[in-house]
Amino acid sequence: MLRAVRWIAFAAIAVLLFAWGGLWLRGTGGEANPAVAGLPGGVEVGGPFSLQDAEGRSVTDADFRGRWTLVYFGYTTCPDVCPTELQTLTSAVDQIGTLASKVAMLFITIDPERDHGPALAEYTKLFDPRLVGLTGTPQQIAATAKAFRVYYAKVTPKESSTYLMDHSSFIYLLGPDGHLRALFRQGISGQDIADALRTRINAS
Ligand code: NI
């Protein structure tokens, strides 16, 4: 009898684990939208960072605990992708009404050599005064990019005196606990990010 009860308990736990596993593998919110990438299984994306804002004040990941945080990595002299994606990111926050008070927006430069001080402050202001620009030493930027699995590399076109930065382009959504909650692919609309934000904030 006792043996049978044990087996039933064991089977019940196995079924529960299986169901949870299925939910986890299905990705974030089960969105049908292909622009919302599933959370990478088994790979930690994101983590602690220690950087500076445009005024040189120290800023860490802990400063954003308790808020939902959208993060984009790029550089201020980017000719195309960065401005488009930052426009999308800030327009998403414009679309969620009062929920915007629960959301922070970060632009982390992968070109700290050029992006700091007024150049960084003026750039973020172009998109939204709430967008926080972050820079750091090359080592701090490298460590942060590594944690978020961001690829970046300096590229100097032939017969050019200045360089461009080649870089990956994702919009990250971190939860109030600082952990990754969604990953948005390049080209997603502000409306789709707004929907994803609303769903997650309202469910929390
Ligand atoms: Ni760019």
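So, a few notes on the structure that sits alongside this text. This one's a predicted model, so the numbers in the text were calculated from it and none came from an experiment. (Residues numbered from 1 in each chain as written. Predicted model: local features only at pLDDT ≥ 70, side-chain atom pairs only at ≥ 80, totals over all residues. Heavy atoms only, no water.)

Topic: the side chain of aspartate 128
Short version of the rule: Starting at the N terminus, helices and strands are each numbered in turn, a helix being any DSSP run of H or I of at least four residues and a strand any DSSP run of E of at least two. Between buried and exposed lies partly exposed: a residue is buried under 20% and exposed over 50% of the maximum accessible area for its type, with that area taken using a 1.4 Å probe on protein chains only. Throughout this description, a polar contact denotes any pair of N or O atoms lying within 3.5 Å of each other; where both atoms belong to protein, one of them has to be capable of donating a hydrogen while the other can accept it, and for residues adjacent in sequence the pair is counted only when both atoms sit in side chains. We call two residues contacting when some pair of their heavy atoms lies within 4.5 Å.
Structurally, the position occupied by aspartate 128 is in the loop between α3 (117-127) and β6 (131-135). Residue classification places aspartate 128 among the buried residues on the basis of a relative accessible area of 5%. A polar contact of 2.7 Å, which involves the side chain of aspartate 128, links it to the backbone nitrogen of arginine 130. For aspartate 128, the contacting residues outside a window of four places in its chain are Thr90, Asp94 and Met105.

Focus on the environment of glycine 178
Residue placement: glycine 178 occurs in the loop between β9 (170-174) and β10 (180-185). On the basis of relative accessible area, glycine 178 is assigned to the partly exposed category, the value being 23%. Sequence separation of glycine 178 and threonine 69 is 109 residues, and the distance between their C-alpha atoms is 8.0 Å.

A short note on the packing of aromatic side chains
To be explicit about the condition: Paired rings are identified among Phe, Tyr and Trp, the last through its six-membered ring, by centres lying within 6.5 Å, and are further divided according to the angle between planes into stacked (under 30 degrees), edge-to-face (over 60) and tilted (the rest). By definition here, charges over rings are those cases where NZ of Lys or CZ of Arg is within 6 Å of the ring centre and within 35 degrees of the ring normal.
A full pass over the atoms with the stated rule returns 5 aromatic pairs. Arranged with centres 5.3 Å apart and planes meeting at 50°, the rings of phenylalanine 73 and phenylalanine 148 form a pair that is tilted. One end of the pair, phenylalanine 73, is in strand β4 (residues 68-74); the other, phenylalanine 148, is in the loop between α4 (138-147) and β7 (152-155), with 75 residues separating them in the sequence. Taking the relative accessible area as the measure of exposure, phenylalanine 73 reaches 2% and is therefore buried. Judged by its relative accessible area of 1%, phenylalanine 148 is buried. Ring geometry for phenylalanine 148 versus tyrosine 172: centroids 5.3 Å apart, planes at 85°, classification edge-to-face. Note that phenylalanine 148 is positioned in the loop between α4 and β7 and tyrosine 172 in strand β9, a separation of 24 residues in sequence. Chaining the aromatic ring pairs together yields one cluster made of Phe73, Phe148 and Tyr172. Taking NZ or CZ as reference, arginine 114 lies 3.6 Å from the ring centre of tyrosine 163, over its face. Here the basic side chain of lysine 154 rests over the ring of tyrosine 163, its NZ or CZ set 4.4 Å away from the ring centre.

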